There are 2 protein chains.
Amino acid sequence: MTHTAPDPARTTGTWPVREVADLDEATLERLDRWWRAANYLSVGQIYLLDNPLLRRELVAEDIKPRLLGHWGTTPGLNFLYAHLNRAIAERDTSTIYITGPGHGGPGLVASSYLEGTYTETYPDITEDAEGLRTLFRQFSFPGGIPSHVAPETPGSIHEGGELGYALSHAYGAAFDNPDLLVATVIGDGEAETGPLATAWHGNKLLNPVHDGAVLPILHLNGYKIANPTLLSRIPSEELADLMRGYGHTPYEFVAGFDDEPAASIHQRFARMLDEVLNQIAEMKASAAAGETGRPAWPMIVFRTPKGWTCPAEIDGKPAEGSWRAHQVPLANARDTPEHLAVLEGWLRSYRPDELFDEAGAVQPDIAALAPEGELRMSANPVANGGLLLRDLRLPDFRDFCVDVPAPGATVAEATRVLGTWLTEVIRRNPDTFRIFGPDETASNRLQAVYDDTDKQWNADYLDADEDNHLARVGRVVEVLSEHQCQGWLEGYLLTGRHGLFNCYEAFIHIIDSMFNQHAKWLDVTREIPWRRPIASLNYLLSSHVWRQDHNGFSHQDPGFLDHVLNKKPEVVRVYLPPDANTLLSTYDHLLRSRDYINVVVAGKQPGPQLLDADQAVAHCTRGLGIWEWAGTEVVGEDPDVVLACAGDVPTLEVLAAADLLRQHLPELKVRVVNVVDLMRLQDEKEHPHGLSTRDFDTIFTTDRPVIFAFHGYPWLIHRLTYRRTGHANLHVRGYKEEGTTTTPFDMVMLNDLDRYHLVMDVIDRVPGLGSRAATLRQQMADARLAARQYTREHGDDLPEVRDWVWPDAARVQAAGGTPTLADGAVSTGGDNE
Amino acid sequence: MTHTAPDPARTTGTWPVREVADLDEATLERLDRWWRAANYLSVGQIYLLDNPLLRRELVAEDIKPRLLGHWGTTPGLNFLYAHLNRAIAERDTSTIYITGPGHGGPGLVASSYLEGTYTETYPDITEDAEGLRTLFRQFSFPGGIPSHVAPETPGSIHEGGELGYALSHAYGAAFDNPDLLVATVIGDGEAETGPLATAWHGNKLLNPVHDGAVLPILHLNGYKIANPTLLSRIPSEELADLMRGYGHTPYEFVAGFDDEPAASIHQRFARMLDEVLNQIAEMKASAAAGETGRPAWPMIVFRTPKGWTCPAEIDGKPAEGSWRAHQVPLANARDTPEHLAVLEGWLRSYRPDELFDEAGAVQPDIAALAPEGELRMSANPVANGGLLLRDLRLPDFRDFCVDVPAPGATVAEATRVLGTWLTEVIRRNPDTFRIFGPDETASNRLQAVYDDTDKQWNADYLDADEDNHLARVGRVVEVLSEHQCQGWLEGYLLTGRHGLFNCYEAFIHIIDSMFNQHAKWLDVTREIPWRRPIASLNYLLSSHVWRQDHNGFSHQDPGFLDHVLNKKPEVVRVYLPPDANTLLSTYDHLLRSRDYINVVVAGKQPGPQLLDADQAVAHCTRGLGIWEWAGTEVVGEDPDVVLACAGDVPTLEVLAAADLLRQHLPELKVRVVNVVDLMRLQDEKEHPHGLSTRDFDTIFTTDRPVIFAFHGYPWLIHRLTYRRTGHANLHVRGYKEEGTTTTPFDMVMLNDLDRYHLVMDVIDRVPGLGSRAATLRQQMADARLAARQYTREHGDDLPEVRDWVWPDAARVQAAGGTPTLADGAVSTGGDNE
């Protein structure tokens, strides 16, 4: 805790350095009055149905019948909010407030009400007694607002539900916002979670010039629901070591455990906050002056009693300073006159008569503590990112499409091709688009982006790093924590920017619960008109379940798609482009979309390219379609069988099966259907992308066998189609928790998704095929066995299987040689996967 | 890094204190020979199909066609394993080795081969040239073993797939194993994950007398797949601060970056390891002597080059010490003579001719480094916990059942009743059963267990803690990290003990991916005969989606059930007991089961008790059943409609709907079916618990409307039943991402799962009910609206809805008063939820 003397000459732009001096009495008094008002409003929300200003004696009917909410963290949040307001008003630093202890919902509602924002946002909550009554009543009440900080809370980008993501959201908000201060309160319960415990390291990815500053405030109030918290129960010096180890300069503040007068407490904290803000300003100035290296940014350890200022004891048991203050310290407020008196005494301890005028409006001197306009934390447009969002400048993806003279005649790695387009996206949008990934961006073969940018890195450098695409500023942000990638991207999007998260498919389950929370946030904000639409959260899942060559069974799980589909249809989209051009077309669409969560699964391994640019656009626009070129159907007639597919590996196997059928049973009318947009399978009543019954039946028929080869767990297709007319004829093959092999075709054989099996399925399901089909069936079984035997002996797939190409491609190749390797579109080896 | 002089007099049991002295040359040489042998065997596994001893020149055909595996972390793991072996042989301390960098699969296979365990376990892998050839060939090969540390690896309890759980598993293994040392290697990539970043705090929950010791070894080799690692790129002193902040005494070791002779490296590390082990022994001795307080356990920072000992450069680019050494440093080993020569040179650098005898067996002096028998880390029975597992001594749960004179006549909180039984389970099994929870054990109302035990806590204490049920030793372990709870329980079970994890339903998604990995582990071990069955992993999900009164929309997600059902049917079980006695009966069954993952969802709120002890046993044994007492069907005839339910809230609503139908449409034949074991709905061919078609059709009929009220997302029921004969008649109501209210019935109304809606469903689906039904339908709609209006006005549910009881209960109450509150089975208020 070494402080340099403030040097106002070092002031830069919105980061002033101010002399640290004692506050005058009026300011101290104003701070305390704000704090008391915020606390009063918070307690009022938890308890009161009526009598909001206590202008008459409190009676049982004034109290809500069900007391629901959380008091414990609220007074601390209110204290910090008040002090930040004082500092913002003096410094004009654009600031947002991230409430890690989301349970402090009443506090953030109270603060935005004091700032006037709440009434501006919800005109029904007027600045008078009636408005207060409505404000109190709506809290944690049927048809009202949640007890947590929520999308409904002005100034919030952070839902107070599942804990752990306050700091990740903070860093996400700070990226590319060089003039923004992100004041981030971290509860000591939250600090025990894994995601938060690693989020501290975000300071090693932040650039002090191009990004904003994050001020973590660890609010140690000592208790969780029913237990003390770990960080409040280690020695102070050990905690300081931990914070230094995380790369911070810790400042510790302790208050509320003795009889220190309020003015003294405010004085001490205000001085400390000024020192901290000066230190941040100094660090910004040094960096702006060209000093590289990572600053040891300040952070505050803020120790107060849990439920600070509530009654010390209730019914003879400790309340303030104990876990009992976590939720509603006085749970039976209206059952006895004694309890009523306790509540009334508690409310009156804030001296409401001094805080509100006759009409019930907050006294103007209190409101004057806040800064004005958009400098109010509850009115900062950064926290309503849609207000700031601008479209990306997108290059025409057609210019990046691979040439496909015939289906399968070109070989490319889909994600590698996408990377070439993303490079240009980055070039055109140098401050508003980022790629996040858990050390997998190159492994997922997006490495073309390093032609134009680097991985942002502000930890130590070595000489050898020339080789590593690391730089102090870069558009790619990587750390081995899916939680951080997700949290950063959420924070970045919620503050009005664009991006994507690329990840191995199996490991995306790590953020299942974060996905839930973001999906719920989007779902709720769709009904909140003042929340403007934000850019969609885009996943690129590669290194998918069917090609985990370097890894094993543990890396195989396609279930994120199932998880995603449990959320509101209005919010989620799932795409399985079968090749590079369809992937390009899909991503071009997604980077223009708003308020969705888009999941794209795409392969990174060399694979046959099937559609040229125009075909890809048409196919992706439809979302699914019949590939006449691959089938053998007769125009105007229903086929004998439909082979459907979704996903690159299943598509390859369906094409190979179609080829076998064409060779061996040429009279069989086979239809091939490929699905890119999985939501098309649902009914139009269930999902906005859903096909009408008529369209679905036209494509899949109502009575012919449909063999569906699917990338994921097979029942997902059943779930999407169980109401469809022909559902009883649908047979799905997909992943079945059987995979653990190292060669691609061996893997699909293990899961019975292989071409031979698909042909056998057709033979089993199409009636009247006769003896020739029976012979073919045996041939398929034998071929399958031979292929399996070959892998066991040679450690590789049978060449005739591995090198199979679609007949048209073979013809093109017969003219011109082996399959064309699309330029720059396949690996030259030597990369880690 | 302060070391006390060793004091052998302090030696206790298996924790000797030894003098720290230089090793003799023979021991140093033996260490180095072991290390070279392990490295040679590791490289051989990655590359070689044949020519395992290089007894002839290496040719292209000796090399695997697909090179898959990870070298980067392997030499470090081998080094540490060798040194631990030396120490174990000298100290006889029972030790297991947890390989956080699970990519180091070849290293752990190599080490167990050198210990002889691999050949004992897999007799086909003989200790000669042919055995080596098979050993090499099987690695990352079709039909062989995975490239990671896996269930197939002797001595492992930790799958090397998704990273982050090494330390949690370590602490889980150490609980109640006072004589066990858990040497835990943490990769510097893994150290960036959230779960690992908080797992360090496990030392605050460990008891130094009753539990074992965990020795974390942070293996900093500097790189991940394609990036440097954060902890390798902060100053050494900052890292030491971090470790001190985590409560450890750090010891740093650096080697491999210069020309230091191997003997010197081994000498330095051996001395350090002896100091570290002495310090652990001293701490154990102090604690045994009665010193309370938390020791600052030692940990080792182990810095070496990535891919240590591989070629420094390949094709002119750095290999050793760079990210390029992460997987297969020489990826194109057989494409040119030059590359072949590089590989051969690398292999020969370990001087295999000095390490293996003529037949190909490891030289006996090398093998002699290892301890003997079960002291070998790869043969320690702790790492094959089923060998040590003993049945729990379970009290008769019938003695804990609540009295149910008539359905609904008793009110109790299901989980609170379970807690009374668990108290006795704990009493009878004081060292082999633990409850883990993220600060929710009391909130989930299992607090009766604190009558007999406490929460184990070894951080600081305050005077006020008398109130907190904290103790140095206790059967409940809580921290606000679902990841830790899951990891600890896995570690505890994998080492042969029993336990459960209680959690809010919404937050269990946090460990979705950990569940995946454990399910896959169990799936694989079922096929490995030498892995003995372990106790099942039991979840108790309470504070469920339908009663999140204090919280909101973000706490509502029943999708873990969907997630679980994606895993192998042989491994997963899901139960939804509707009341306390069925919950008791279910849990009694689960604590006797093996090798499953059991998910139980049960309410904690006061609710009607429906079945007495005998009925509960019969119902749970069947897993589902017709409740004749609740329906109006005529024996021997099919009903007009089936009302089915799964989950406590849906069951309540179905009973209330049945009551309404009985009153208003008495001639309608209604069947009520309750499902406890969700897997019964599947076909017997799909799940071992599945009902036969005949049984299913008998219960649900083949042609009558079935209205199914379900706890979770409705499509899960469709997924389980879509092949059933009567599926087209099934209408499911469940949770639909619409919930955000604070009163129970308002919540079910919001989701259309309420009694009125169920009655309307029946009227809509049973043909020919006539005008009386039409009138009833309108009544129901009106009643629903009135109930909704009431909540908006009063903040509580309409009393006639909230206080509804089953008619039989009403009759019992008419005789004896209001519903009986089962003794000690309902809250007396004042708890946090």
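Since the structure is predicted, the reported quantities are computational estimates derived from the model, not experimental observations. (Residues numbered from 1 in each chain as written. Chains lettered and ligands numbered in written order. Predicted model: local features only at pLDDT ≥ 70, side-chain atom pairs only at ≥ 80, totals over all residues. Heavy atoms only, no water.)

K.L.:
Tell me about the overall build of chain A, residues and numbers included.
P.N.:
The number of helices and strands found in chain A is 26 helices and 23 strands. Its C-alpha radius of gyration of 31 Å places chain A within 12% of the 28 Å reference for a compact globule of 833 residues. Its C-alpha atoms put chain A at 95 × 65 × 45 Å along the principal axes. Taken across its 833 residues, chain A has 70% of its residues classed as buried. The contacts of chain A with a sequence gap of at least 6 include a subset with a gap of at least 24, amounting to 78%. Carbon and sulfur atoms provide 50% of the accessible area of chain A, an area that totals close to 25100 Å². Computing the positive centroid from 74 side-chain charges and the negative centroid from 118, chain A places the two 3 Å apart. (Helix = DSSP H or I, 4+ residues; strand = E, 2+ residues; numbered from the N terminus. Rg over C-alpha atoms; globule rule 2.2 N^0.38 Å. Buried < 20%, exposed > 50% of the residue type's maximum accessible area, 1.4 Å probe, protein only. Contact = heavy atoms within 4.5 Å. Areas by Shrake-Rupley, 256 points an atom, 1.4 Å probe, with all protein chains shown as cover. Lys, Arg positive; Asp, Glu negative; His and termini not counted. Charge placed at Lys NZ, Arg CZ, Asp CG, Glu CD.)

K.L.:
How would you explain the side chain of glutamate 478 of chain A if you had to name every residue and give the values?
P.N.:
Its place among the elements puts glutamate 478 of chain A in strand E12 (residues 476–478). One buried charged residue, glutamate 478 of chain A, forms no salt bridge at all, with the nearest opposite charge on lysine 455 of chain A at 4.4 Å. Within the local environment of glutamate 478 of chain A, its side chain forms a polar contact with the backbone nitrogen of glutamate 440 of chain A, the two atoms lying 3.2 Å apart. At 2.5 Å, the side chain of glutamate 478 of chain A and the side chain of asparagine 227 of chain B are in polar contact. Here glutamate 478 of chain A is in contact with Leu205, Gly437, Asp439, Glu440, Thr441, Tyr450 and Lys455 of chain A together with Asn227 of chain B, once residues within four sequence places are set aside. (Salt bridge = Lys/Arg side-chain N within 4 Å of Asp/Glu carboxyl O. Polar contact = N/O pair within 3.5 Å; in protein donor to acceptor, adjacent residues only side chain to side chain.)

K.L.:
Please give an account of the domain arrangement of chain A that cites residues and values.
P.N.:
Residue and element names in this part refer to chain A. Partitioning chain A into domains gives domain 1 (26–380), domain 2 (398–606) and domain 3 (626–797). Look at where the C-alpha atoms of domain 2 and domain 3 centre, and you get two points 28 Å apart. Listed by partner, the interface residues are 28 residues for domain 2 and 37 residues for domain 3. Summed over both sides, the interface of domain 2 with domain 3 buries roughly 2800 Å², with 65% coming from carbon and sulfur. Linking domain 2 with domain 3 are 0 salt bridges. Linking domain 2 to domain 3 there are 14 residue pairs in polar contact (both at pLDDT 80 or more). Mapped onto the side of domain 2 that touches domain 3, the elements with two or more residues apiece are helix H16 (560–564) and strand E15 (572–575). Of the residues forming the side of domain 2 that touches domain 3, the biggest block, 4 residues, is contributed by E15. Its residues placed into classes, the side of domain 2 that touches domain 3 shows 16 nonpolar, 6 polar and 6 charged. (Domains from an automatic or database assignment. Buried area = accessible area lost by both parts, 1.4 Å probe. Nonpolar A, V, L, I, M, F, W, Y, C, P; charged D, E, K, R; others polar.)

K.L.:
Just give me the short version of the nonpolar core, but keep the residues and values in it.
P.N.:
With 442 residues, the main nonpolar core has Leu678 and Phe700 of chain A together with Leu678 and Phe700 of chain B as its most contacted residues. Excluding residues within four positions of it along the chain, phenylalanine 700 of chain A makes contact with Leu624, Val642, Ala644, Val673, Val675, Leu681, Val706 and Phe708 of chain A. (Core = buried A, V, L, I, M, F, W, Y, C linked by side-chain atoms within 4.5 Å.)

K.L.:
Before we move on, can you summarise the pattern of salt bridges with the specific residues and values?
P.N.:
Opposite charge on two side chains allows them to pair when their charged atoms are near. Within this structure, the stated rule accounts for 112 salt bridges over all chains. Here arginine 594 of chain A and aspartate 391 of chain A are joined by a salt bridge, their closest N and O atoms 2.5 Å apart. Of this pair, arginine 594 of chain A sits in the loop between helix H17 (580–590) and strand E16 (597–601) while aspartate 391 of chain A sits in the loop between helix H12 (364–367) and strand E8 (410–413), placing them 203 residues apart in sequence. Given the relative accessible area of 21%, arginine 594 of chain A is considered partly exposed. The partner of arginine 133 of chain B in a salt bridge is aspartate 50 of chain B, and the shortest N-O contact between them spans 3.2 Å.

K.L.:
I'd like a description of the sheet that holds strand E22 (residues 730–733) of chain A, backed by residues and values.
P.N.:
All names here are of chain A. Spatially, the 5 strands line up as an open sheet ordered E18-E20-E19-E21-E22, and their pairing is mixed. Edge positions in the open sheet fall to strand E18 (624–626) and E22, since each of these has one partner strand only. With direction set aside, neighbouring strand axes in the sheet form an average angle of 20°. Sheet topology places strand E19 (residues 641–646) next to strand E21 (residues 706–710); 5 bridges connect them, and they run parallel. Bridge pairing in E21 links leucine 643 to isoleucine 707. Running over the sheet, helix H19 (residues 648–664) touches E19, strand E20 (670–675) and E21 and is turned about 155° from E19. (Pairing = 2+ DSSP bridges. Axes fitted to C-alpha atoms, helices over the stretch in contact; angles between N-to-C directions.)

K.L.:
Pulling in residues and values, what's your account of the state of the cysteines?
P.N.:
Scanning the entire structure with this criterion turns up 0 disulfides over all chains. In this structure cysteine 503 of chain A is a free cysteine whose sulfur lies 7.4 Å from that of cysteine 485 of chain A, the closest cysteine sulfur available. Lacking any disulfide linkage, cysteine 620 of chain B is separated from the closest cysteine sulfur, that of cysteine 401 of chain B, by 9.5 Å. With relative accessibility at 18%, the residue cysteine 620 of chain B sits in the buried group. (Disulfide = S-S within 2.5 Å.)

K.L.:
Summarise the sheet that holds strand E4 (residues 249–254) of chain B; cite the residues concerned and give the values.
P.N.:
Residue and element names in this part refer to chain B. Strand order in the open sheet made by the 5 strands is E1-E2-E3-E5-E4, with parallel pairing throughout. Either end of the sheet is taken by a strand with one partner, and the two such strands are strand E1 (94–99) and E4. Averaged over all neighbouring strand pairs, the angle between strand axes comes to 20°, with direction disregarded. Of the pairings in the sheet, the one linking E1 to strand E2 (residues 180–187) comprises 6 bridges and is parallel in character. Each bridged residue has a counterpart across the sheet, and for threonine 99 the counterpart in E2 is valine 185. Sheet strands in contact with helix H2 (residues 74–91) are E1, E2, strand E3 (213–220) and strand E5 (298–303), and its direction is about 175° off that of E1.

K.L.:
Now, about the relation of the copies chain B and chain A: what can you tell me, with residues and values included?
P.N.:
When chain B is fitted to chain A, the residual RMSD is 0.0 Å, and the transformation amounts to a turn of 180° plus an axial shift of 0.0 Å. This pairing of chains is accounted for by a two-fold axis. Residues of chain B ranked by C-alpha distance from the rotation axis are headed by glycine 194 of chain B, positioned 1.9 Å from it. (Least-squares fit on C-alpha atoms with pLDDT ≥ 70 in both.)

K.L.:
Before we move on, could you go through H19 of chain A and cite the residues and values that matter?
P.N.:
Residue and element names in this part refer to chain A. With 17 residues, H19 ought to run about 24 Å at 1.5 Å a step, and its terminal C-alpha atoms sit 24 Å apart, in line with that. Of all 17 residues in H19, 12 are buried; the element is thus mostly enclosed. Among the residues making up H19, those that are buried are Val649, Pro650, Thr651, Glu653, Val654, Leu655, Ala656, Ala657, Ala658, Asp659, Leu660 and Leu661. (Expected span 1.5 Å × (residues − 1).)

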